Amino acid sequence: MSSDACPRCGNLNRVGAKFCGRCGLALTTAQPAQPPAHETGRLSANSLLHNRYVIVRILGQGGMGAVYLATDTLDQNRVVALKEMSNVALIDQHDRALAAEQFRREAQLLRRLRHPNLPIVSDEFTIGDRNYLVMEYVPGSTLQQMLDRGDGPFPESRIVAWANQLCDVLDYLHRQEPPIIFRDLKPANVMIMADDRLKLIDFGIARLFKPGQRQDTMLLGTQGYAAPEQYGGGQSDPRSDIYALGATLFSLLTGLDPAQMPPLKPLPPVRSYRPDVSPHLETAVLRATRISADERWQSTQDLRHALATA
């Protein structure tokens, strides 16, 4: 028999019931969600998704995806983040399949990973042409949001503390078998919580490193933060994430957007914009962002060691 979950207590009631048989809540406020045909981010508050998740509000939207704040009615109304992706805008059938596979890969990656600086993924499902990923809700602001509202310039000690956490989580990913290359590290993908712990978010273009592959088949990343080899010049590997981490540190230290710098050229010295930064930290950032991967720090642990002297 079909049933609807009560958004307050999670009790499964028969479809069409006006009140919950356990707690008495009026059920007319939770209607099965019917996403619009061509857009994401249009699920209304109180709509019920997958007979389990009640939408609270939208958290963000971009491209073909959206993220909602929701409650899990089958898990004591636990607050979760629900990521939605649609393939409707992709006309080419091959591109649609590729985007759907990319989303499934993100889900599979995150569901088996456990690290304090990564959100925990608890569920995934598909409704029509939309894929959904349910994950731990991380309250706070992204580093990009903090930059945009003028919270910087940040103290050097605070930036180094963030950098150490990023080194740790990237080292964890790079030690997977095969290594996982995040490939899109940037301020917008780093969430800072109230206690200054961070979470690395949005694995949309993370990928497994394929030894022996000479060049990436897909040019993915964000201009200014993506390593030169991600523009088609070679195969990305853990040193690509080191470049992105260096570019992120440059942005946090200077308040400048690396995307506004000349493409495929070395980033300028940090101290030319912020003389109070220690020479050791400037050197660490410069080496992390070398054009040649062979000239960068060869591991995040090498970079962390350099930061310890900054």
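Above this text is the structure in question.
Residues numbered from 1 in each chain as written. Predicted model: local features only at pLDDT ≥ 70, side-chain atom pairs only at ≥ 80, totals over all residues. Heavy atoms only, no water.

Caption draft 1: Structural view of the sheet that holds strand E9 (residues 141-142). The strand order across the open sheet formed by three strands is E9-E11-E12, and the pairing between neighbours is antiparallel. Looking along the sheet, the strands with just one partner apiece sit at the ends: E9 and strand E12 (198-200). Pairing geometry for strand E11 (residues 190-192) and E12, over three bridges, is antiparallel. Residue pairing for E12: Ile192 is matched across the bridge by Leu198. Strand contacts of helix H3 (residues 156-174): E11 and E12, with the helix running at about 35° to E12, the strand carrying the most contacts. (Pairing = 2+ DSSP bridges. Helix = DSSP H or I, 4+ residues; strand = E, 2+ residues; numbered from the N terminus. Contact = heavy atoms within 4.5 Å. Axes fitted to C-alpha atoms, helices over the stretch in contact; angles between N-to-C directions.)

Caption draft 2: Main features of the environment of Asn164. Assignment of secondary structure puts Asn164 in helix H3. Put simply, Asn164 and Leu307 are 143 residues apart on the chain and 7.8 Å apart in space, counted from C-alpha to C-alpha. The residues contacting Asn164, other than those within four sequence positions of it, are Arg304 and Leu307.

Caption draft 3: Region of interest: the environment of Ile180. Here Ile180 lies in strand E10 (residues 180-181). Taking the C-alpha atoms as reference points, Ile180 and Leu170, separated by 10 residues in sequence, lie 8.7 Å from one another.

Caption draft 4: Quick look at the sheet that holds strand E6 (residues 78-86). Pairing is antiparallel across the open sheet formed by six strands, whose spatial order is E3-E4-E5-E6-E8-E7. With partners counted over all chains shown, the strands left at the sheet margins are strand E3 (48-49) and strand E7 (121-127), one partner each. Contacts between helix H1 (residues 93-112) and the sheet are confined to E6, E7 and strand E8 (130-136), with E8 contributing the most and set at about 20° to the helix.

Caption draft 5: Molecular detail of the pattern of salt bridges. The final tally for this structure, using the stated rule, is 18 salt bridges. Residue Glu229 is joined to Arg296 by a salt bridge in which the shortest nitrogen-to-oxygen separation is 2.9 Å. Taken together, the residues span a long stretch of sequence, with Glu229 in the loop between strand E13 (207-208) and helix H4 (238-254) and Arg296 in the loop between helix H5 (279-288) and helix H6 (300-308) at a distance of 67 residues. Taking relative accessible area as the criterion, Arg296 reaches 0% and is therefore assigned buried. (Salt bridge = Lys/Arg side-chain N within 4 Å of Asp/Glu carboxyl O. Buried < 20%, exposed > 50% of the residue type's maximum accessible area, 1.4 Å probe, protein only.)

Caption draft 6: Structural detail: H4. Taking 1.5 Å per residue as the helical rise, H4 with its 17 residues ought to reach 24 Å, and the 25 Å between its terminal C-alpha atoms agrees with that figure. Among the 17 residues that make up H4, 16 are buried, leaving the element largely enclosed by the rest of the structure. In the stretch just after H4, Gly255 is the one whose phi turns positive, near 80°. (Expected span 1.5 Å × (residues − 1).)

Caption draft 7: Highlighting the packing of aromatic side chains. For the structure shown, the criterion picks out four aromatic pairs. Here Phe250 and Tyr273 contribute two aromatic rings whose centre-to-centre distance is 6.2 Å and whose plane-to-plane angle is 90°, an arrangement assigned as edge-to-face. With Phe250 in helix H4 and Tyr273 in the loop between H4 and H5, this pair connects stretches of sequence that are 23 residues apart. Judged by its relative accessible area of 0%, Phe250 is buried. A relative accessible area of 43% places Tyr273 in the partly exposed class. (Phe/Tyr/Trp six-rings, centres within 6.5 Å; stacked < 30°, edge-to-face > 60°.)

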